[in-house]
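Read off the chains here:
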Amino acid sequence: MKGLILLANHFEDVEALITIDMLRRAGMTIDMASMNNDLNVITQSNITVKADILVSSINLDDYTFLVIPGGKATFETHHKSAVTKNIVKHFNDKKQLIASICAAPSILGMMGLLDGIEYTCFPGCESYMPKAIYKNQDVVVSKNIITSKAAGTTFKFAYEIIKYLTNEDLAKKVINSVYYK
């Protein structure tokens, strides 16, 4: 099982890095794909992270799930990016897991992928999903889509991704290994 996480400049540090860490603790492979022309990506708090691969070099068929962290990158890059939308469409067409957190569910909302299903997002981003069913919850799982509210819900977000892709026992083992309560 191999996942892809899209990193554009000004992604939310916690949402990406905790998710990557937890998924790797669960034994999953997750490639950090830079949306830039080089591997260096700047987080929302101005930390440089070196991605594993350029988004321009990926073969989407190598991956079984997609993760999109939120942050300013959602509005500065992903909303305007045909590349992001094509990647999301690829995973959705194959009914593979798409997990997005904070502002990132708005990408799915703008594409109509949340129409008629339950979701959550960072407060204030609901306007991007007028035909979706907002739930004031930390994490919502609907069909092949997992959405989460914000940086503070990242551990629960990662837990639900692990549970969805493997099983609840492994998800509990991983979350307990970091003493998250």
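Our structure is the block above this text.
1. Comments concerning the overall build of the protein
For the protein, the helix and strand inventory stands at six helices and 11 strands. In summary, the protein has a C-alpha radius of gyration of 15 Å against a globular reference of 16 Å for 181 residues, a match within 12%. Counting only C-alpha atoms and orienting by the principal axes, one finds that the protein spans roughly 40 × 35 × 30 Å. A sequence separation of at least 24 residues applies to 62% of the contacts in the protein between residues at least 6 apart. Only carbon and sulfur atoms are counted for the fraction: they give 50% of the accessible area of the protein, which is about 8100 Å².

2. Regarding the packing of helix α5 (residues 154–165) against helix α6 (residues 168–177)
The geometry of α5 relative to α6 is characterised by a closest axis approach of 8 Å and an angle of 150° between their N-to-C directions. With respect to each other, α5 and α6 are oriented roughly antiparallel. The way α5 lies across α6 gives a crossing that is right-handed. Judged by residue contacts, F155, Y159, I162 and K163 of α5 engage E168, L170, A171, K172, V174 and I175 from α6. Tallied by class, the residues present in the contact of α5 with α6 amount to seven nonpolar, no polar and three charged.

3. Digging into α5
Between its first and last C-alpha, α5 extends 16 Å over 12 residues, near the 16 Å set by a 1.5 Å rise per residue. For α5, the full list of buried residues reads T154, F157, A158, Y159, I161, I162 and L165. The inward-facing, buried residues of α5 contact α1 (13–25), β6 (65–68), β7 (97–101), β10 (139–142), β11 (145–148) and α6.

4. Concerning the side chain of E15
Assignment of secondary structure puts E15 in helix α1. Within polar-contact distance, the side chain of E15 engages the backbone nitrogen of A151 at 3.1 Å. Aside from chain neighbours lying at most four places away, what touches E15 is P69, G70, G71, I101, C102, A150, A151 and T154.

5. So, unusual backbone geometry
In this model, K143 sits at a positive phi of 55°, which is unusual for a non-glycine residue. Along the polypeptide, K143 turns up in the loop between β10 and β11. Positive phi is not limited to glycine here, since Y179 has a value of about 60°. Looking at where Y179 falls in the secondary structure, it is placed in the segment after α6. Overall, Y179 belongs to the exposed group, its relative accessible area being 68%.

6. Thoughts on the packing of α1 against α5
At a minimum axis distance of 9 Å, the contact between α1 and α5 shows a crossing angle of 40°. Looking at the two axes, α1 sits oblique to α5. For α1 against α5, the interelement crossing comes out right-handed. Here V14, E15, I18, T19, M22 and L23 of α1 lie close against α5, whose contacting residues are T154, F155, F157, A158, I161 and I162. Considering only residue class, the contact of α1 with α5 consists of nine nonpolar, two polar and one charged.

7. A word on the sheet that holds β11
Strands sit in the order β5-β2-β1-β6-β7-β11-β10 across an open sheet of seven strands; the sheet is mixed. Where the open sheet ends on each side, the last strands, each with one partner, are β5 (53–54) and β10. Pairing between strand β1 (residues 2–7) and β6: three bridges, direction parallel. By the bridge assignment, L4 is partnered in β6 with L66. Contacting β1, β2 (29–34), β6 and β7, α1 crosses the sheet at an angle of about 155° to β2. Set on the sheet, helix α3 (residues 82–93) makes contact with β1, β6, β7 and β11; between it and β6 the angle comes to about 140°.

The rules we used
- Residues numbered from 1 in each chain as written.
- Predicted model: local features only at pLDDT ≥ 70, side-chain atom pairs only at ≥ 80, totals over all residues.
- Heavy atoms only, no water.
- Helix = DSSP H or I, 4+ residues; strand = E, 2+ residues; numbered from the N terminus.
- Rg over C-alpha atoms; globule rule 2.2 N^0.38 Å.
- Contact = heavy atoms within 4.5 Å.
- Areas by Shrake-Rupley, 256 points an atom, 1.4 Å probe, with all protein chains shown as cover.
- Axes fitted to C-alpha atoms, helices over the stretch in contact; angles between N-to-C directions.
- Parallel < 35°, antiparallel > 145°, perpendicular 65-115°, else oblique.
- Left-handed = near helix turned anticlockwise from the far one by under 90°.
- Nonpolar A, V, L, I, M, F, W, Y, C, P; charged D, E, K, R; others polar.
- Expected span 1.5 Å × (residues − 1).
- Buried < 20%, exposed > 50% of the residue type's maximum accessible area, 1.4 Å probe, protein only.
- Polar contact = N/O pair within 3.5 Å; in protein donor to acceptor, adjacent residues only side chain to side chain.
- Pairing = 2+ DSSP bridges.

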